[in-house]
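# Inside the fold
This is what each chain is made of:
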Amino acid sequence: DAKTTQPPSMDCAEGRAANLPCNHSTISGNEYVYWYRQIHSQGPQYIIHGLKNNETNEMASLIITEDRKSSTLILPHATLRDTAVYYCIVRALEYGNKLVFGAGTILRVKS
Amino acid sequence: DGGITQSPKYLFRKEGQNVTLSCEQNLNHDAMYWYRQDPGQGLRLIYYSQIVNDFQKGDIAEGYSVSREKKESFPLTVTSAQKNPTAFYLCASSVGTRIQETQYFGPGTRLLVL
């Protein structure tokens, strides 16, 4: 089972920053936090991942709290094409490299 | 272009029929995975392979079979023993199996039972 908690849905105005929260209070010291997104009827797309430091790439920023019990994915300037289901995943140790996907957050970017 | 391809995009299966879903990658990745996604739900792991000629069962392997004869290919067969095969099937690959390895996904195959 997924070890993360995310809000079921969020709305964001186009051009504004989208901040997607995730709680992972049972994360262990060597587990990474991953974010993927899935646009309807497509395969999941990798966004970013991190261990304890904040991370940034061309798509997004990941802010992880000091106690690592929660994180926030930031899309700095959301566009309509960012409308998708966003999954926060803590990397499981079982079955090799299994990704455990929960229900995710439906992000709706509106004009 | 480097990437993961899955074919076909849509597949129809008759009752009692076995069907095979294709997954090919030209990323030179060692590990490959098959996931199943049901409407409104997350992904569940069916099988994974860390190296050629080796594969392991995931959480829902019953009714499925795989082979890994080549590094770039990991076909999934949905057998007649799988009683509820209608779903979206996703293939993924990663460079290796270290905990921080990133998995990249193909576009998926939607399987429908007639």
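First, a word on scope: everything that follows refers to the structure included in this document. On a predicted model such as this, the values are computed, not experimentally measured, just so you know. (Residues numbered from 1 in each chain as written. Chains lettered and ligands numbered in written order. Predicted model: local features only at pLDDT ≥ 70, side-chain atom pairs only at ≥ 80, totals over all residues. Heavy atoms only, no water.)

## A look at the overall build of chain B
- Scanning chain B for helices and strands turns up 0 helices and 11 strands.
- Mapped from its N terminus to its C terminus, chain B presents α and β elements in the order β-β-β-β-β-β-β-β-β-β-β.
- Taken against the 2.2 N^0.38 rule, which gives 13 Å for 114 residues, the C-alpha radius of gyration of chain B at 13 Å falls within 12% of a compact globule.
- Dimensions of chain B, computed from C-alpha atoms along their principal axes, come out at roughly 40 × 25 × 25 Å.
- Classification of the 114 residues of chain B by burial places 49% in the buried group.
- Across chain B, the fraction of contacts at a sequence separation of at least 24, relative to all contacts at a separation of at least 6, is 53%. (Helix = DSSP H or I, 4+ residues; strand = E, 2+ residues; numbered from the N terminus. Rg over C-alpha atoms; globule rule 2.2 N^0.38 Å. Buried < 20%, exposed > 50% of the residue type's maximum accessible area, 1.4 Å probe, protein only. Contact = heavy atoms within 4.5 Å.)

## Some details on the sheet that holds strand S7 (residues 64-66) of chain B
Residue and element names in this part refer to chain B.
- Judged by pairing direction, the sheet is antiparallel, and its 4 strands sit side by side in the order S1-S3-S8-S7 without closing on themselves. Among the strands making up the open sheet, the edge pair consists of strand S1 (4-7) and S7. Sheet twist, expressed as the mean angle between neighbouring strand axes with direction ignored, is 20°.
- As paired strands, S7 and strand S8 (residues 76-78) are joined by 3 bridges and run antiparallel to one another. Residue Tyr64 lies in a different strand from S8, and its bridge partner there is Val78. (Pairing = 2+ DSSP bridges. Axes fitted to C-alpha atoms, helices over the stretch in contact; angles between N-to-C directions.)

## Structural notes on the nonpolar core
- Trp35(A), Leu73(A), Tyr86(A) and Leu107(A) are the most contacted members of the largest nonpolar core, which totals 21 residues.
- The greatest single-element share of this core, amounting to 4 residues, is contributed by strand S8 (residues 84-90) of chain A.
- For Leu73(A), the contacting residues outside a window of four places in its chain are Ala18(A), Asn19(A), Leu20(A), Trp35(A), Ile47(A), Ile48(A), Ala60(A), Ser61(A) and Tyr86(A).
- In this structure, Met32(B), Ile46(B), Ala61(B) and Cys91(B) belong to the second largest nonpolar core, which totals 20 residues. (Core = buried A, V, L, I, M, F, W, Y, C linked by side-chain atoms within 4.5 Å.)

## Quick look at the interface of chain B and chain A
- Counting from both sides, the interface comprises 27 residues of chain B and, opposite them, 22 residues of chain A.
- Approximately 1800 Å² of surface area, both sides summed, lies buried where chain B meets chain A, with 53% of it carried by carbon and sulfur atoms.
- Counting residues per element, the ones that place at least two in the side of chain B that touches chain A are strand S4 (31-37), strand S5 (43-51), strand S9 (87-94) and strand S10 (104-105) of chain B.
- Per-element tally for the side of chain B that touches chain A: the top contributor is S5(B), with 4 residues.
- The residue inventory of the side of chain B that touches chain A, partitioned by class, reads 11 nonpolar, 11 polar and 5 charged. (Buried area = accessible area lost by both parts, 1.4 Å probe. Nonpolar A, V, L, I, M, F, W, Y, C, P; charged D, E, K, R; others polar.)

## Digging into the sheet that holds strand S1 (residues 9-13) of chain A
Residue and element names in this part refer to chain A.
- What the 5 strands build is an open sheet, ordered S1-S9-S8-S3-S4; its pairing is mixed. Edge positions in the sheet fall to S1 and strand S4 (45-50), since each has one partner strand and no second. Each strand of the sheet is rotated relative to its neighbour by a mean of 25°, with strand direction disregarded.
- Where strand S3 (residues 33-38) and S4 come together, 5 bridges link them in antiparallel fashion. Paired with Trp35 across the bridge in S4 is Ile48.

## Quick notes on the environment of Thr79(B)
All names here are of chain B.
- When you line up the elements, Thr79 lands in the loop between S8 and S9.
- Residue classification places Thr79 among the buried residues on the basis of a relative accessible area of 18%.
- In this structure the C-alpha to C-alpha distance between Thr79 and Thr20, which are 59 residues apart in sequence, comes to 8.5 Å.
- Excluding anything up to four places from it in sequence, Thr79 contacts Arg13, Gln17, Asn18, Gly63, Tyr64 and Ser65.

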